[in-house]
Amino acid sequence: MAKIGFRFPYVAKLDRSTGVYSEGFKCSHGVSLNITPNYVEGSLYGDDQQVEYEKNFKDATVTLGVTTLPSKAESTMFGHTVEEATGKITYKGNDEGNYVGVGWVTPEKDDGRKVFTANILTTAKFSAGAEEYATKGENLEFKTPTIEGKAITNADDEWKIVIPFDTEAAAENFVKEYLNISDISA
């Protein structure tokens, strides 16, 4: 299937001991997403030739770009202290991010038919990305946040789940249900 978009990035904190997601939220509007699987591999040689070859999933490098990072992302994803009343965010050197599940919807074309694919990274951990600022010149230029992380397998050895739906709403609802996000306006 040909991917023709990236929509509705959702994130929820993962309790790895129970496999339950909580504190889920929509992580703004999706700008970009890059997932690069990484593998470990090995070869066995005998009688002067390769007799076995094994390649297994190790992790995946994830780069997520959004229009803005909500304060909920600062605390849930990166472990920073957020004061809701004032909006103050405190970054400490020993802040520890949480494992999260990440879900999104991808519009795709399959033999001329449009489908909407729900995608889930079951277990990921992110760190705050680089920040870039620029003065306003003759033209406006948007600077949007990009965060990086690693996706790993869960207790069932799953790292990514993909399922197609006929409607965008059905795909988005699957993502919310999987990540235990009950507030439909999230």
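Figured I'd write up the structure that's included with this text. Only a predicted model underlies this, so the values are computations on that prediction, with no experimental measurement involved.

Details of unusual backbone geometry
Now for step 1: Unusually for a residue other than glycine, serine 28 sits at a positive phi of about 65°.
Now for step 2: Examined against the element boundaries, serine 28 turns out to sit in the loop between strand 3 (20-26) and strand 4 (30-46).
Now for step 3: On the basis of relative accessibility, which here comes to 11%, the residue serine 28 falls in the buried class.
Now for step 4: In the Ramachandran plot, asparagine 180 falls in the positive-phi region, its phi being about 60° despite a non-glycine side chain.

What about the packing of aromatic side chains?
Now for step 1: Under the counting rule described, the total for this entry stands at five aromatic pairs.
Now for step 2: For the pair tyrosine 21 and tyrosine 178, a centre-to-centre distance of 5.9 Å together with 45° between the ring planes defines the contact as tilted. Taken together, the residues tyrosine 21 in strand 3 and tyrosine 178 in helix 2 (residues 168-178) connect sequence positions 157 residues apart.
Now for step 3: Residue class for tyrosine 178 comes out partly exposed when judged on its relative accessible area of 25%.
Now for step 4: For the ring pair phenylalanine 174 and tyrosine 178, a centre distance of 6.1 Å and an interplane angle of 40° mean the geometry is tilted.

Observations regarding the side chain of aspartate 95
Now for step 1: Structurally, aspartate 95 is set in the loop between strand 7 (88-90) and strand 8 (99-110).
Now for step 2: Put simply, aspartate 95 is tucked away with no salt bridge, and the nearest opposite charge, on lysine 92, sits 5.9 Å away.
Now for step 3: Here the side chain of aspartate 95 touches histidine 80 through a polar contact of 2.6 Å, side chain to side chain.
Now for step 4: At 2.8 Å, the side chain of aspartate 95 forms a polar contact with the backbone nitrogen of lysine 92.
Now for step 5: Setting aside anything within four residues of it in sequence, one finds aspartate 95 in contact with Phe78, Gly79, His80 and Thr90.

Description of the nonpolar core
Now for step 1: Ranked by size, the top nonpolar core spans 21 residues in total, and within it Met77, Val102 and Phe126 carry the most contacts.
Now for step 2: Mapped by element, the contributors of at least two residues to this core are strand 5 (49-66), strand 8, strand 9 (113-127) and strand 10 (146-152).
Now for step 3: For this core, the element with the most residues is strand 5, which contributes four residues.
Now for step 4: Sequence-distant contacts of methionine 77, defined by excluding residues within four places in its chain, comprise Val11, Phe25, Lys72, Gly97, Asn98, Val100, Phe126 and Ile147.
Now for step 5: Listed in part, the 15 residues of the second largest apolar core include Phe116, Phe165, Val175 and Ile181.

So, how was this worked out
- Residues numbered from 1 in each chain as written.
- Predicted model: local features only at pLDDT ≥ 70, side-chain atom pairs only at ≥ 80, totals over all residues.
- Heavy atoms only, no water.
- Helix = DSSP H or I, 4+ residues; strand = E, 2+ residues; numbered from the N terminus.
- Buried < 20%, exposed > 50% of the residue type's maximum accessible area, 1.4 Å probe, protein only.
- Phe/Tyr/Trp six-rings, centres within 6.5 Å; stacked < 30°, edge-to-face > 60°.
- Lys, Arg positive; Asp, Glu negative; His and termini not counted.
- Salt bridge = Lys/Arg side-chain N within 4 Å of Asp/Glu carboxyl O.
- Polar contact = N/O pair within 3.5 Å; in protein donor to acceptor, adjacent residues only side chain to side chain.
- Contact = heavy atoms within 4.5 Å.
- Core = buried A, V, L, I, M, F, W, Y, C linked by side-chain atoms within 4.5 Å.

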